[in-house]
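Tertiary structure, described
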Amino acid sequence: MVRGRTLANRLLLTSALLALTVGCGFLGWMRQPRELRTNPPVLADLSRFRLMSNGIGGAPPESYFAEAEPYENDAYNLSQGKRLYTWFGCAACHGDGRGAAGPSFLDGWWLYGPEMVSIVASIRDGRPHGMPAFRDRMTIEQIWQLAGYVQTIGAYSAKVAATGRNDGPQTRPSENRAPAVMLFEEGPVGVNPDQGPSP
Amino acid sequence: MRMSPIIWMSTIAIISGCTGNQSAINPKGAPAIHIAHLMSGIVAVCTLVWLLVMVMLVWALLRKRSDAGEQARERGLTTTVSAAVGATAVIIAGMTIASFYTTRDIGIPGEAALTITVRGQQWWWQVIYADPDPALTFQTANEIHIPVGRDVHVQLESTDVVHSFWVPSLAGKQDLVPGRTNSLLLRAERPGIYRGQCAEFCGLQHTHMAMMVIAEDPESFERWAVAQRGNSVNPGKPDAVAGQVAFIAKPCAACHTVRGTPAMGTTGPDLTHVGSRKTIAAGLLETTRGSLAAWIADPQTLKPGNNMPMVPLTSVELKNISAYMESLK
């Protein structure tokens, strides 16, 4: 009787340990894979998005969907985008995302719409009223990474993927808490007269 | 007795690993020599203590039970234990004092002949030779030149995560912590090329974050510094000229500086005299035209995760840019 109970206990313990091991293995397997080297043909395809003739919205290349929209959903790409935001001096005009000389990303108002294609086009080709073109300064992959980050800080709902932590002090709610939603609750602000006519 | 070949070979491997240009027990600089002395002193004392304990243990196991009375035995025991505790206290105090003096000796002297700022980045070393006159300030990467027999004050900073600066043959280990400046004294007693390595896990390419410290006599050092202060040399050969044009037109110039050209990016290493350095990509490859081309063509295969993107180039552009890089002596 007593012996039977110890055997049952032991079996229970063993299966619990086994389940724990398998669970850990499963979690490791679930980890988001990190694509450090995108295939050159896929990279070349990133330039082949189609923009609407008014410069707002459009269609990303087919391969972007085949890769499961990596520049919007992948934590590594978003983190790289965050570093590019610093390295390429975006903060000089856009501050921490709330704008300064340039427009804010967090006021709920996207001059050219919140689609990736619009943001990529804005960075690559520049926009009127002061946004420079980064075509010759960044690779197309870097532009997509940066665009993914810009879309993340201005997103209306928080993404599951988070960027890396801040190296400097925090000046606004962090990216994975949808800072835009917290900051534009009062409704979108009017277009700054210096930004020119709303497109 | 015949030694097993595995033991034999691993012994050779271990011993040969201690004699190279990256070894704390083959010191070539004053701070490293102080540390090596402390290390051998502590090892010698501990070995002696261990041997004594072992001898005592064997003696205690083998000795006959003494015939002395309970009280005498108790008294003997008290004496032995008190002597052992006293000896332990003296030895530990001695080692503490020795370690204190060593730390004092490897500290920063009031006046150093040269002050260098080393900034750790994922995954390379930015080396700044600052001068009160901005025109004399210059930068290099992953290669530090120092004059032999002079005290060099190294200011350690980090831009991203904690790194650790360790050139075992010349000095101890010191962390580079974001947001603060740490100091280290570097001094080479003999000319040579000493290898250093990041000694604090700092991410994916921690392994490939090495640097070379080149100690040379003060005259050669001064010659080198004068050459480094100068702007980049103008490319002479046609392929290097075309390479310079491509370098400035392509995204390369957005991250790299080549002084004397419009390339003024500061995210990546300063390439003004990249052709004169021994290695590229923080000790990953020797600087040759072929390795430069391989690195530029596909940095993510050679050092996955580093921040240099794969810039789409035609084969002619790649050939020209690597010729240009090689010409930047």
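Residues numbered from 1 in each chain as written. Chains lettered and ligands numbered in written order. Predicted model: local features only at pLDDT ≥ 70, side-chain atom pairs only at ≥ 80, totals over all residues. Heavy atoms only, no water.

The helix and strand tally for chain A stands at nine helices and two strands. When the elements of chain A are put in sequence order from the N terminus, they spell out α-α-β-β-α-α-α-α-α-α-α. Overall, chain A is about 85 × 45 × 30 Å in size when its C-alpha atoms are taken along their principal axes. Each of the 199 residues in chain A was classed as buried or not, and the buried ones make up 42%. Long-range contacts, defined as pairs at least 24 residues apart, comprise 62% of the intrachain contacts of chain A with a sequence gap of at least 6. Summed over its atoms, the accessible surface of chain A is roughly 11600 Å², and 60% of this surface lies on carbon and sulfur atoms. (Helix = DSSP H or I, 4+ residues; strand = E, 2+ residues; numbered from the N terminus. Buried < 20%, exposed > 50% of the residue type's maximum accessible area, 1.4 Å probe, protein only. Contact = heavy atoms within 4.5 Å. Areas by Shrake-Rupley, 256 points an atom, 1.4 Å probe, with all protein chains shown as cover.)

In this section: the domain arrangement of chain A. When the domains of chain A are assigned, the result is domain 1 (1–31) and domain 2 (40–192). On a C-alpha basis, the centroid separation for the pair domain 1 of chain A and domain 2 of chain A is 46 Å. (Domains from an automatic or database assignment.)

This part is about the environment of Ala171(B). All names here are of chain B. Position of Ala 171 relative to the elements: it lies in the loop between β6 (163–166) and β7 (173–176). Given a relative accessible area of 4%, Ala 171 falls into the buried group. Sequence separation of Ala 171 and Ser 66 is 105 residues, and the distance between their C-alpha atoms is 54 Å. If sequence neighbours within four positions are ignored, Ala 171 has contacts with Pro 31, Ala 32, Ile 35, Trp 166, Leu 184, Leu 185 and Leu 186.

Further remarks concern the sheet that holds strand β2 (residues 124–129) of chain B. Residue and element names in this part refer to chain B. If you walk across this open sheet you meet the five strands as β3-β2-β1-β5-β8, and the pairing is mixed. Looking at the sheet topology across the chains shown, the edges are occupied by β3 (138–141) and β8 (182–186). The sheet shows a mean angle of 25° between the axes of neighbouring strands, direction not considered. Judged from the seven bridges that link them, strand β1 (residues 114–121) and strand β5 (residues 152–158) form a sheet pairing that is parallel. In the strand pairing of β5, Gly 120 is matched with Ser 158. (Pairing = 2+ DSSP bridges. Axes fitted to C-alpha atoms, helices over the stretch in contact; angles between N-to-C directions.)

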